[in-house]
Amino acid sequence: FFKRTMQPCLPHHTKRQKLCLSTRQQELFDYVSRTRQLSLTETNVHDVQVIHSALNNPTNPPRARVLQFYQLHHHDEFIRKIVGAKFPHAEEIWLQNCTIQCPQTMEALSEFLQNTTAIKSVHFDGFKVSCDESFQYIGQALAVNPSLTTLRLSNMKLSPIMLQSLNQALNQNDILTKLWMHRVKFLDRNSLDTTLENVVNHTTEIRWYPVPNDHIRALARALDTAALTSRLRHLEVGSSARSLVCLFKALQQSKSVDHFELSGFSYLCDNQVEALAGMLNNNTVINGLFLRVCSGGNDADDDVMMEGTNLRTNIRPMFHALAHNDALHTLQLSHIVLCDNDIKVLADALQKNTSLRELTVASANISNAGTKYLSRALRRNQSLTSLHLGDNSGITAIGLIELSKVLRINTGLQYLDVGNDLASNEVAVQAITQALQYNISLHDLACDGGNGPDELERIMSMETRTSMRGKQTSPTILGLL
C-alpha cells in the first residue's frame, strides 16, 4: 500500500539512525508526514508508533487535508492514538466501515472534532458503535465545531439516540448546513417526522439517495410544515416511490427551494407528471430542475423500483407548464425518451418562454424531425443561451443542417452541443461553417468526437468572422479542435 502511495523521491536528511527505523518504516514515516490524504487501514495497526512519531514531529507537522480510517474494526487504541495528534490542515475526515467498541474512543473522536477547526466535512460510511449512547459525543462535537459545513451519512442505520445527536448538532450549529445521506435507514419511524422537519428548517442542502416510499411522505410533510420557515434551497432525492406526488405538491408551496433534482426513477406515471407540472405552474422560486432516469444502481430505490423500465413517460404536461413559467433558468432531462410530438410541444413552449437559459435533452432519442422543431423555436427564442443535445444518435446531417439555418439568425445561443460526430459529415460541416460566418453569439460548439476539417477550423479562428458583426471573442470548438 505504501509503495503505491509514497512520494517517488524520499528525503535523505531524515534522522533514520536516531529513530531506529527500517527502510519500510522510514518510507511509512515520510508518507505520513508528506501526504495530503492520509488513509489508515488494519494493516497499519502494528506500525502505530512510527505513525504516531511522524504525526507528532514538531519540525514537520502533518500536511494531511483528508484523514481516512478504513476497515478498522475494534482497533480503538489505534484510532485514539491517531486522533490524539494535531492535524492543522485537515478539512475532511472519513470513518469508513469502522466499528468502535469503547466509549473512550468516541470521546477522543469528539475532542478531535472540536479542536480541529479546519474541518469542513465529516463522513460516516458504514460506521458502527457497540453502544449507541456513545454517539452523543459525536453530536456534541458537531454542535460546536466552528468550521464544519457538511455531514455525510452512508450505509448506516440511525437509532433514536443517533437521531437525537443529529438534531442536537443541527439545532446548535448554524454553520452545519449540508446533509448528504446515502442508503440510510431510520430505525425509529416515530421520530422520523421530527428529524426531517428539523433537517428542513436548519439545512440549506439535502442530498438523499435512495429515499423509500414512507420517507418520501415524511419529507413532503416536513416541507409542508416548514413551507415559510425552511432554509432549504438545494434538494436532491433519488427515488422511484409512488408517493413522489406528495413531494411535488409540497414543493408547489415551498418558498425556499430553488434547485430540485430527481433521479433513481425509471418511469413517471401520469399523476406524477401532472403534479410536477403543477409545481412549475405554482412555484415561483425553483430556477433549476433536473430529471435523470436510472433503472438501477446506487441511486435506485431497491424496495420500491417501479416496473416497466421500457415504458415512456408522458412528459408533455410539464412542457405545457414550461410555456408560462418565468422562474426556471435550467432544465435538464437525461435518458427520458421523447417522441417527435413531445419535442414539438417542448418547442412550442420555448417560443413562449423567456426565462429558460439552459436546456439539456440528452439521450432522449431525438430525431431529425425533433431537431427541426427545436430549430423553429430558436428562430423566435433569443433568451436560451445553452442547448445540449448529446447522445442523440437519431440526429444526422439533415438535423444538423436545420440547426445551421437557425444559427444565421439566432443571437442568443452561446453554447451548442450538437450530439453528433460533426467532423465525419462534410455536408453538415459546410452548413455549420457557412452559418458561423454570420453568427456572433456562439462561443462553444461541442460534438461527440473527431478532428475538425481545415475549413471549419479556419472559420472559427478567422478575424473576419468577428469583424462582420462587431468585436466578439472567437469561439472554441470543444471536441473538434
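This text goes with the structure placed above it.
Being a predicted model, the structure only gives us computed values, none of them experimental. (Residues numbered from 1 in each chain as written. Predicted model: local features only at pLDDT ≥ 70, side-chain atom pairs only at ≥ 80, totals over all residues. Heavy atoms only, no water.)

Q: Quick one: what's the story with the overall build of the protein chain, residue by residue and with numbers?
A: When its secondary structure is counted, the protein chain shows 19 helices and 18 strands. Considering the protein chain as a whole, with its 481 residues, one finds that 56% of them fall into the buried category. Contacts spanning at least 24 positions in sequence make up 83% of the contacts within the protein chain whose residues lie at least 6 apart. For the protein chain, the accessible surface area stands at approximately 21300 Å², while carbon and sulfur atoms represent 46% of it. (Helix = DSSP H or I, 4+ residues; strand = E, 2+ residues; numbered from the N terminus. Buried < 20%, exposed > 50% of the residue type's maximum accessible area, 1.4 Å probe, protein only. Contact = heavy atoms within 4.5 Å. Areas by Shrake-Rupley, 256 points an atom, 1.4 Å probe, with all protein chains shown as cover.)

Q: Go over the side chain of E205 with me, naming the residues and quoting the values.
A: Looking at the secondary structure, you find E205 in strand β9 (residues 205-209). Here W180 takes part through its side chain, which lies 3.0 Å from a polar atom of the side chain of E205. Here R207 takes part through its side chain, which lies 2.7 Å from a polar atom of the side chain of E205. (Polar contact = N/O pair within 3.5 Å; in protein donor to acceptor, adjacent residues only side chain to side chain.)

Q: I'd love a proper account of the pairing of strand β7 (residues 150-158), names of residues and values included.
A: In the sheet, strand β5 (residues 121-125) pairs with β7 via five bridges, with the strands oriented parallel. Within β7, the position partnered with F124 by the bridge is L153. Taken together, the eight bridges between β7 and strand β8 (residues 178-186) define a ladder with parallel strand orientation. By the bridge assignment, L151 is partnered in β8 with L179. You can see the chain leave β7, run along helix α8 (residues 160-172) and come back into β8, and the turn it takes is right-handed. (Pairing = 2+ DSSP bridges. Right-handed = clockwise from strand over helix to strand, strands pointing away.)

Q: So what's going on with helix α16 (residues 397-407)? Residues and values would help.
A: Taking burial as the measure, the 11 residues of α16 include eight buried ones, the bulk of the element. All buried positions along α16 are accounted for by A397, G399, L400, E402, L403, S404, V406 and L407. Buried residues in α16 make contact with α15 (368-380), β16 (415-417) and α17 (426-436).

Q: Now, about the pattern of salt bridges: what can you tell me, with residues and values included?
A: Within the structure shown, the criterion is met by 11 salt bridges. Where D47 meets R24, a salt bridge forms, and the shortest distance between an N and an O atom there is 3.0 Å. Of this pair, D47 sits in the loop between β1 (37-40) and α4 (48-55) while R24 sits in helix α3 (residues 23-34), and the two are 23 residues apart along the sequence. Judged by relative accessible area, D47 falls into the buried class, the value being 8%. Taking relative accessible area as the criterion, R24 reaches 46% and is therefore assigned partly exposed. (Salt bridge = Lys/Arg side-chain N within 4 Å of Asp/Glu carboxyl O.)

Q: Report on unusual backbone geometry, specifying residues and quantitative values.
A: Across the chain, the bulk of peptide bonds are trans and the bulk of non-glycine residues have phi less than zero. With an omega of -25°, the peptide bond running from Y209 to P210 counts as cis. Within the secondary structure, P210 sits in the loop between β9 and α10 (213-225). Of note, N155 is a non-glycine position whose phi angle comes to about 50°, a positive value. Inspection of the secondary structure puts N155 in strand β7. For N155, a relative accessible area of 39% translates into the label partly exposed.

Q: Tell me about the nonpolar core, residues and numbers included.
A: Judged by nonpolar contacts, the single largest core of 139 residues is most densely connected at F69, L235 and F260. Filtering out sequence-adjacent residues up to four positions away, F69 remains in contact with L40, I79, I82, V83, I93, W94, L95, Q96 and C98. (Core = buried A, V, L, I, M, F, W, Y, C linked by side-chain atoms within 4.5 Å.)

Q: Pulling in residues and values, what's your account of the environment of A118?
A: Take A118: it is sitting in the loop between α6 (103-115) and β5. For the pair A118 and R65, spaced 53 residues apart in sequence, the C-alpha separation works out to 9.0 Å.

Q: Any chance you could break down the packing of aromatic side chains for me, citing the residues and the numbers?
A: Enumeration according to the criterion identifies six aromatic pairs in this entry. Measuring from centroid to centroid gives 5.0 Å for F124 and F127, while their planes differ by 55°, and the two rings are tilted. One aromatic cluster is present, formed by F124, F127 and F135 through successive ring pairs. (Phe/Tyr/Trp six-rings, centres within 6.5 Å; stacked < 30°, edge-to-face > 60°.)

Q: Could you give an account of the environment of M106, with specific residues and numbers?
A: Counting through the fold element by element, M106 comes out in helix α6. For M106, the residues in contact, after removing those within four places along its chain, are I100, F127, V129, S134, F135, Y137 and I138.

Q: Residues and numbers for the pairing of strand β14 (residues 358-362), please.
A: Within β14, four of the five residues are buried, which leaves the element mostly enclosed by the surrounding structure. As paired elements, strand β13 (residues 330-334) and β14 share five bridges and run parallel to each other. Across the sheet, residue T330 finds its bridge partner in β14, namely E358. The β-α-β motif built from β13, the intervening helix α14 (residues 340-352) and the parallel element β14 has right-handed crossover chirality. Sheet topology places β14 next to strand β15 (residues 386-388); three bridges connect them, and they run parallel. Looking at β15, one finds that L359 is bridged to L387. Since β14 and β15 lie parallel, the crossover through α15 that links them has a hand, and here it is right-handed.

Q: Which residues make up the packing of α6 against helix α7 (residues 135-144), and what values do they have?
A: Their axes nearest at 8 Å, the elements α6 and α7 cross at an angle of 5°. As the angle between them shows, α6 and α7 are arranged roughly parallel. Residues P103, M106, E107, L109, S110, L113 and Q114 of α6 touch α7, and the partners they reach there are F135, Y137, I138, A141, L142 and V144. (Axes fitted to C-alpha atoms, helices over the stretch in contact; angles between N-to-C directions. Parallel < 35°, antiparallel > 145°, perpendicular 65-115°, else oblique.)

Q: Can you explain helix α9 (residues 192-202)? Please cite residues and give values.
A: The buried fraction of α9 is high, at eight of 11 residues. Here the buried face of α9 lies against α8, β8, β9 and α10.

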